[in-house]
Amino acid sequence: EVVVAERVGIFERKWKAFASFFCFVLVAIVGALIMIPALTKNKEEKMGPTPTDVPSMLPSSSPSFDPRPTLEIVQERGHVRCGQRRGSNNPVMCRAVASVLFGDPNRFKTFTVLPGEYQHLHKRSVDLITAARSTIENDVRESTTGSGFTFSSPYLHDNIVYAGHEFFVQCAEERNRHGECSSLIICRAGCHCGIDVVQSRFPSSFTITAPGNELAEMLFNSTCNVVTTSKSNLFGESVIKLSDENNSNVFVGDNPIADNSFGLVTRKDDKEFSDIINWVVTALIYGEEHGLKNDPSNCQNYTSLPVQTPDLNFMNAVYCVGNYEWIMDYSIRQHLLDPDTRSQINNGTSGMLYAIPFNGLSGAAASNEDSDALNVIKKRQLNCGVTIPDSFDGVITSSKKLVGMSVDYCRALAAALFSGNSEQVNITAFSPNEGFVALNNGVIDVLAGAKVEKKYDFANPSLNLEGFDFSSAYYYGNETVGEDLSIFALATREDNAVFSSFVNCVVWAPLHAQERAISREGNNNMPLLPWFGQDFEWALRDVIFHIGSYDQLYEKHFGLISNEDRGRNQLNEGGPLVHSIPGLSH
């Protein structure tokens, strides 16, 4: 049989060669796709992300909890995620943080976090938030997340005032809702800025809660005749500014209804990272005190990223970005702020004691874990150490001045824990270093008269000490600007954030009482404490019953002294409020 030959095509004759070539091309394409992300990541790790004043879309939160230290996570990522509120297009604090963490002020990305700023931080979508309002509620148990957060030292200050129709603004300031004032309607911002004050002064039928950026329109369309508003243009939501743009005549009240302080805020689950962020702020202030300024020649770009906190160069915040004075001037120009005297360095001639707003009307209820953290101590006695100077030779429990004041804070804490029983406490005297050792080893629960310093704030392997948590200060030294300031507070271990927050509330109570003119006899006018369980709701009232307002406590131990001689140890009334914490000069 004869078969007619057919012409064979080139693909059939050389199919093996073509198949090999096709496989080679396919492998090359796949390899390129794999390499592109790696090259991009490598470039970003070398150069850092391109910073922008325009906040980016928020990243999705981590699908599971990463137990590693935040510093390690951030440095592996190659940039810090910096949350900013709507209208706040000033990344200067983000640059300062990046300078310390990476040695490069450009290694940050900004994200808009409103609405729900604390939820974004809680879910780890961002590492920190700038210009966050510091309150007792937000420190202990923020209402939208049920978690507490850690705030840096304040670096911005602002006042909340009434604004609107002049007659009704006067009604609001005089707390008058009767007669001709019965038509008063106050629109208040839903950000809790002064919300607790308004709620305590007027029934709910006289108020409307709305987003801050809608208040101006609600005033102009007569939904309300008074609004609460920021006196500055800190977040671009000031009714005062918007009224100028609309050629509207808005009367602004003279009496602030709330003092606001703003700092950097972080999660409470990583105290070391929170401490790092606070020391960035302290470095900026230290720079102004010592005349240090932006200096690119001293802006240290790390050869390798520091993995230990002591290796971080906090002065990079100043040399790579600028000092506190420069940052404040920049912020004033950016946001058209009214310069606030509180944002100036305190030279010792005015009070530095400040009661941050309480804002406790809408806080989340206490959890069993929070109550259990305090009940561990309540099942026994409080063990409180008191720091004494080397030359001390008196009886500690009958002492005056700073030692006596510290003893009273021990008793006040016992009263808060044990339903008013201030005797449920063992008080032991220690030298400064011995006190921190005893606290570190669990011999005592809290150290009164503890000196706030950098070497005790972070873990210190050379002293064999873990880091400690410090309450708000209750006594300051009389050092001049440029000297290390003596700052005294209650110190606790970092392993019990609930107890540390409770201790801070005890220190805060006499300051709040002083601000609100609440004496020992009027202790029932103190707010209830809603975050630690029913057994501790009356804690603030028990504190004031035993030690009174700050002036009552101070006069008991130092006598009647003029405000001029008291220096920093008086309530701040609008004067300079800023000073660095000791430790950066060593």
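Up top is the structure.
Residues numbered from 1 in each chain as written. Predicted model: local features only at pLDDT ≥ 70, side-chain atom pairs only at ≥ 80, totals over all residues. Heavy atoms only, no water.

In this section: the state of the cysteines. Covalent bonding between the sulfur atoms of two cysteines defines a disulfide. Scanning the model with the defined rule gives 5 disulfides in all. Paired by a disulfide, C187 and C224 hold their sulfur atoms 2.3 Å apart. Torsion about the S-S bond of the C187 and C224 cystine: about -115°, corresponding to left-handed handedness. Of the two residues, C187 sits in strand β6 (residues 186-189) while C224 sits in the loop between α9 (215-220) and β8 (226-230), which places them 37 residues apart along the sequence. Like C187, the residue C224 is buried in the burial classification. Shown here is the disulfide that connects C299 with C320, its sulfur atoms set 2.0 Å apart. Taking the sign of the S-S torsion, about 100° here, the bridge from C299 to C320 comes out right-handed. With C299 in the loop between α11 (271-289) and α12 (316-320) and C320 in helix α12, this pair connects stretches of sequence that are 21 residues apart. Under the relative-accessibility criterion, C299 is labelled partly exposed at 22%. Once the disulfide-bonded cysteines of the protein chain are ranked by sequence position, their pairing pattern turns out to be 1-2, 3-4, 5-6, 7-8, 9-10. (Disulfide = S-S within 2.5 Å. Helix = DSSP H or I, 4+ residues; strand = E, 2+ residues; numbered from the N terminus. Buried < 20%, exposed > 50% of the residue type's maximum accessible area, 1.4 Å probe, protein only.)

Another point: the nonpolar core. Core analysis: the biggest nonpolar cluster contains 129 residues, and F314, L382, L417, F502 and F532 have the highest contact counts within it. If you look at the next biggest cluster of nonpolar residues, it comprises 16 residues, including F168, V169, V198 and V226. (Core = buried A, V, L, I, M, F, W, Y, C linked by side-chain atoms within 4.5 Å.)

Here the focus is the environment of G385. Mapped onto the fold, G385 is located in strand β11 (residues 382-387). Along the sequence, G385 and F436 sit 51 residues apart, while their C-alpha atoms lie 9.1 Å from each other. In this structure, G385 is in contact with C410, T428, F430, I444, V446, L447 and A448, ignoring residues within four places of it in sequence. (Contact = heavy atoms within 4.5 Å.)

Moving on: unusual backbone geometry. One non-glycine residue, R175, lies in the positive phi region at around 60°. One can find R175 in the loop between α7 (166-173) and β6. Phi is positive for A517, which is not a glycine, with a value near 55°. With respect to the secondary-structure elements, A517 resides in the loop between α18 (497-515) and α19 (539-547). Given a relative accessible area of 71%, A517 falls into the exposed group.

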